[in-house]
Amino acid sequence: MTAGAMPSDPIEATRRWLQRAVIGLNLCPFAKAVVAKDQVRLVRSDAATPDALLQALADELALLRDTAPEVVDTTLLIHPQVLADFYDYNDFLGAADALLASMDLEGVLQVASFHPQYRFAGSGEDDIENFSNRSPHPMLHLLREDSVTRAVAAYPDPDVIVERNQRTLRRLGHDGWRRLLEDGAE
């Protein structure tokens with residue numbers, strides 16, 4: 001790995017991003033607890049096509065459904081070989097939602113989206129606010145609806161999370177984001 005680069009292993013790069021950005025910047029105030037309890041499953045899919053990724057997603061949804069939350073509360077399905085283009089990835093999310101419905105998991109599980117090129121509707125490509133959802137590799141975040149509901153209910157004012165994240169990222173800027181994820185940044 002070159003100085004300043006992210007780890008080449010997708011799992012390690014995701015762990016670094018999770019620790020330094022998601023938890024370190026408190027972008028998701030709910031992440032720290034499940035990470036501390038080792039309830040986050042990080043899975044690398046070798047899928048090279050959207051159909052293969054859909055099958056991997058089905059397998060992970062079934063595993064999460066059938067596993068006690070105390071063991072695995074959430075899953076990050078990292079898929080570095082497919083859907084590198086954000087617009088293709090974004091289109092795939094419809095298939096992910098249809099899969100949830102076909103597995104009768106609507107209201108039980110949900111899929112959140114993270115991508116290295118993530119772009120909120122109406123934002124510029126390089127707007128720093130997009131980085132709240134920019135992961136080192138394309139990934140699908142599988143969450144339990146009950147866990148999300150409990151976490152949001154316990155948080156004093158969940159509506160301020162997005163605004164706080166935008167302020168944090170604006171203060172940090174692009175250079176700060178890069179430095180945050182570099183080697184040696186602890």
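Structure shown above.
Residues numbered from 1 in each chain as written. Predicted model: local features only at pLDDT ≥ 70, side-chain atom pairs only at ≥ 80, totals over all residues. Heavy atoms only, no water.

If you add up the space inside the largest pocket, you get close to 1,100 Å³. What lines the largest pocket is a set of 39 residues, and nearest its centre among them are Cys28, Phe30, Phe114, His141 and Leu143. (1 Å grid on protein atoms, 1.4 Å probe; cavity = no way out; pocket = protein on both sides within 12 Å on 5 of 7 lines; lining within 4 Å. Points joined across faces, edges and corners; volume = space filled by probe spheres on them.)

All right, on to the packing of helix H3 (residues 50-66) against helix H4 (residues 86-102) then. A pair of packed helices is characterised by two quantities: the angle between their axes and the separation of those axes. Viewed as axis vectors pointing N to C, H3 and H4 meet at an angle of 40 degrees, and their least axial separation amounts to 11 Å. Considered as vectors, H3 and H4 are oriented oblique to each other. Like other packed secondary-structure pairs, H3 and H4 cross with a definite hand, here right-handed. Contacts between H3 and H4 pair Pro50, Leu53, Leu54, Leu57, Ala58 and Leu61 from the former with Phe92, Ala95, Ala96, Leu99 and Leu100 from the latter. Split into classes, the residues belonging to the contact of H3 with H4 amount to 11 nonpolar, no polar and no charged. (Axes fitted to C-alpha atoms, helices over the stretch in contact; angles between N-to-C directions. Helix = DSSP H or I, 4+ residues; strand = E, 2+ residues; numbered from the N terminus. Parallel < 35°, antiparallel > 145°, perpendicular 65-115°, else oblique. Left-handed = near helix turned anticlockwise from the far one by under 90°. Contact = heavy atoms within 4.5 Å. Nonpolar A, V, L, I, M, F, W, Y, C, P; charged D, E, K, R; others polar.)

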